[in-house]
Amino acid sequence: FNASRITLELKADTLDLVPVFHAKGYGRTTGLARFFFKVEDYYQSYFGQQDGLPRKFIRDIDEGGYTKDVEIDFDHQSKIAKVNNKKKKKKAQHSINENTQDLISAFYYLRNFYATDQLVEGEDISLNMFFDDENYLFKLRFLGKETLDTKFGKVRCLKLRPFVQSGRVFSEQESVTLWVSDDPNKLPIKLRADLRVGSIDCDLENVKNLRHPFEIIVQ
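A. The overall build of the protein chain, seen in detail. The helix and strand tally for the protein chain stands at 2 helices and 13 strands. Relative to the 2.2 N^0.38 estimate, which gives 17 Å for 219 residues, the radius of gyration of the protein chain is 18 Å and therefore close to what a compact globule would have. Overall, the C-alpha framework of the protein chain stretches about 55 × 40 × 35 Å when taken along its three principal axes. Counting all 219 residues of the protein chain, 36% fall into the buried class. Sequence-distant contacts in the protein chain: of pairs separated by 6 or more residues, those separated by 24 or more amount to 38%. Only carbon and sulfur atoms are counted for the fraction: they give 48% of the accessible area of the protein chain, which is about 13,300 Å². One way to put it: in the protein chain the 34 positive side-chain charges average out to a point 4 Å from where the 33 negative ones average out.

Shown next, in the form of structure tokens:
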């Protein structure tokens, strides 16, 4: 059954008078799933238009009573992340690695700055990421190319395996598979995840204002 809806939008903006891209992500459970497990997640990222590096990250979530309300300001010159935990009324500073991404900016960075035409099947893509007060190396494995039947028609896709944190949500590190369109848009077409309880499939429902034509196979 349809358990949730996720939206992701991007627009040009300014932050401290500097031109940035502003990405907003929103996810919530729907219908019967909401009755059993209410999820209301808001994510925002402000990142540089030229370098794709995050300047500010906002995470405001409620996942079945597990809540967080955090803002992170990134200073890449000083290699510092300033974390404001609004829920706990606590502020802290952490050292970050070179070219560190946040959870949302990482998607757009890979989409726009990584040469996917040079990927080799089985190859790992690595990114420095800062999340939950920690630096870690986010890895994504390229599993090859696959054509999917979608509501839009047949779409050529890159098949990827993000390595996620096992534990509270995912059953193991290799629980998620992601298909993105094999065209300049790099649209997230489908996501499949094995959870600690059950599994989910996410399929692209609607898209608009693309920079490049959406490449559909016409037979």
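B. Spotlight on the packing of aromatic side chains. Under the counting rule described, the total for this entry stands at 8 aromatic pairs. With a centroid separation of 6.1 Å and an interplanar angle of 50°, the aromatic rings of Phe 21 and Phe 47 are classed as tilted. In this pair, Phe 21 is assigned in strand E2 (residues 18–29) and Phe 47 in strand E3 (residues 39–48), connecting sequence segments 26 residues apart. Residue classification places Phe 47 among the buried positions, given a relative accessible area of 4%. Ring centres of Tyr 43 and Phe 57 lie 6.1 Å apart, and the angle between their planes is 35°; this geometry places the pair in the tilted category. One end of the pair, Tyr 43, is in strand E3; the other, Phe 57, is in strand E4 (residues 54–63), with 14 residues separating them in the sequence. Accessibility classification places Tyr 43 together with Phe 57 in one group, the buried group. Grouping aromatic residues by their ring pairs yields a cluster made of Phe 21, Phe 47, Phe 107 and Tyr 108.

C. Region of interest: helix H2 (residues 105–113). For H2, the full list of buried residues reads Ser 105, Ala 106, Tyr 108 and Leu 110. Of the surrounding secondary structure, the elements contacted by the buried residues of H2 are strand E1 (4–15), E2, E3, E4, strand E8 (124–131) and strand E9 (134–150).

Definitions and limits used
Residues numbered from 1 in each chain as written. Predicted model: local features only at pLDDT ≥ 70, side-chain atom pairs only at ≥ 80, totals over all residues. Heavy atoms only, no water. Helix = DSSP H or I, 4+ residues; strand = E, 2+ residues; numbered from the N terminus. Rg over C-alpha atoms; globule rule 2.2 N^0.38 Å. Buried < 20%, exposed > 50% of the residue type's maximum accessible area, 1.4 Å probe, protein only. Contact = heavy atoms within 4.5 Å. Areas by Shrake-Rupley, 256 points an atom, 1.4 Å probe, with all protein chains shown as cover. Lys, Arg positive; Asp, Glu negative; His and termini not counted. Charge placed at Lys NZ, Arg CZ, Asp CG, Glu CD. Phe/Tyr/Trp six-rings, centres within 6.5 Å; stacked < 30°, edge-to-face > 60°.

Note that all results are geometric; they support no functional claim without further evidence.
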